[in-house]
Amino acid sequence: MVQTCSAYGCKNRYHKDKDISFHKFPLARPDVCGKWVAAMRRNNFKPTKYSNICSQHFTKDCFKRECNNRVLKENAVPSLFTFSLSIKVKQLRSTVPSKTIPTKILNSCSVFSCDHNYTAEDSAWQKKRIEQLEEQLERLRKKLKTTQQRCRRQERQLKRLKAACEVPRAGREQPAAFGEGYVILPKQIYHTLKGIE
């Protein structure tokens, strides 16, 4: 599954050539996880085990180096976000007296709702489908391995048969007692046939 950033408006996706790391929400630590969600300012966002935030939303002091890997410090919280003008006109009108803000400004305000979730949904159907595909892949790998082994055996057998056929007939030595027109028979049949003569 390709890792994507859950931050609103961020289109970063995992790519091996980019120097961007992805960090899962600390679901096991609800206090820190709550700070992450609050810092994102997304309406009705609930992180799942597949949700990530990319390293571009953390300051440099949030990281530590471990074995050449960029690792977040335990209490690191993302703080670098780009927010568009996200004022809801109704809320603005209800909280601020209309005399202080001209109608022209109120009408020109952009209305945004940050309720989009760009991460994969943690649904039972998707999990089941992934498991089915993994099982199918494993079966196909085993079948491929068996077929490759069978092909190798047949190729070896074919080489042996070709080598046996290439020996010229004249070069094959026969015992001196045998010649053309002679057949070796079991004793009983030989004596029976001899008695018929």
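Residues numbered from 1 in each chain as written. Predicted model: local features only at pLDDT ≥ 70, side-chain atom pairs only at ≥ 80, totals over all residues. Heavy atoms only, no water.

Going by what an unreviewed UniProt entry lists, the chain is known as THAP domain-containing protein 1 and is assigned to Lates calcarifer. Its UniProt record, at the heading Subcellular location (unreviewed entry), says of the chain: "Nucleus, Nucleoplasm". As recorded by UniProt, the Sequence similarities (unreviewed entry) comment attached to the chain reads in full: "Belongs to the THAP1 family." (UniProt positions renumbered as here; feature names shortened; annotations may be inferred.)

Participant: Please explain unusual backbone geometry as it appears in this structure.
Facilitator: Negative phi is the rule for most residues except glycine; trans is the rule for most peptide bonds. One non-glycine residue, Arg 41, lies in positive phi territory at about 55°. Looking at the element boundaries, Arg 41 is found in the loop between helix 1 (30–40) and strand 2 (52–54). Arg 41 gets classed as exposed once you look at its relative accessible area, which sits at 57%. At Asn 44, a position not held by glycine, the phi torsion is positive, near 55°. Here Asn 44 lies in the loop between helix 1 and strand 2. Since its relative accessible area comes to 76%, Asn 44 is described here as exposed. (Helix = DSSP H or I, 4+ residues; strand = E, 2+ residues; numbered from the N terminus. Buried < 20%, exposed > 50% of the residue type's maximum accessible area, 1.4 Å probe, protein only.)

Participant: Can you walk me through the packing of aromatic side chains in this structure?
Facilitator: Given two aromatic rings, one states the distance between the centres and the angle between the planes to describe the pair. Scanning the entire structure with this criterion turns up four aromatic pairs. For the ring pair Phe 25 and Phe 45, a centre distance of 5.6 Å and an interplane angle of 45° mean the geometry is tilted. Within this pair, whereas Phe 25 is found in the loop between strand 1 (22–24) and helix 1, its partner Phe 45 is found in the loop between helix 1 and strand 2, the two being separated by 20 residues in sequence. Taking the relative accessible area as the measure of exposure, Phe 25 reaches 5% and is therefore buried. Note on Trp 36 and Phe 58: the rings are 5.3 Å apart at their centroids and 65° apart in plane angle, and the pair reads as edge-to-face. (Phe/Tyr/Trp six-rings, centres within 6.5 Å; stacked < 30°, edge-to-face > 60°.)

Participant: Looking at this structure, I do not really get the side chain of Arg 42. What am I missing?
Facilitator: Its location among the elements puts Arg 42 in the loop between helix 1 and strand 2. Judged by relative accessible area, which is 7%, Arg 42 ranks as buried. One polar contact links the side chain of Arg 42 to the main-chain carbonyl oxygen of Ser 6, over a distance of 2.2 Å. (Polar contact = N/O pair within 3.5 Å; in protein donor to acceptor, adjacent residues only side chain to side chain.)

Participant: I'm lost on the side chain of Ser 55 in this one. Help?
Facilitator: By secondary structure assignment, the location of Ser 55 is in the loop between strand 2 and strand 3 (63–66). Classification of Ser 55 as buried rests on a relative accessible area of 7%.

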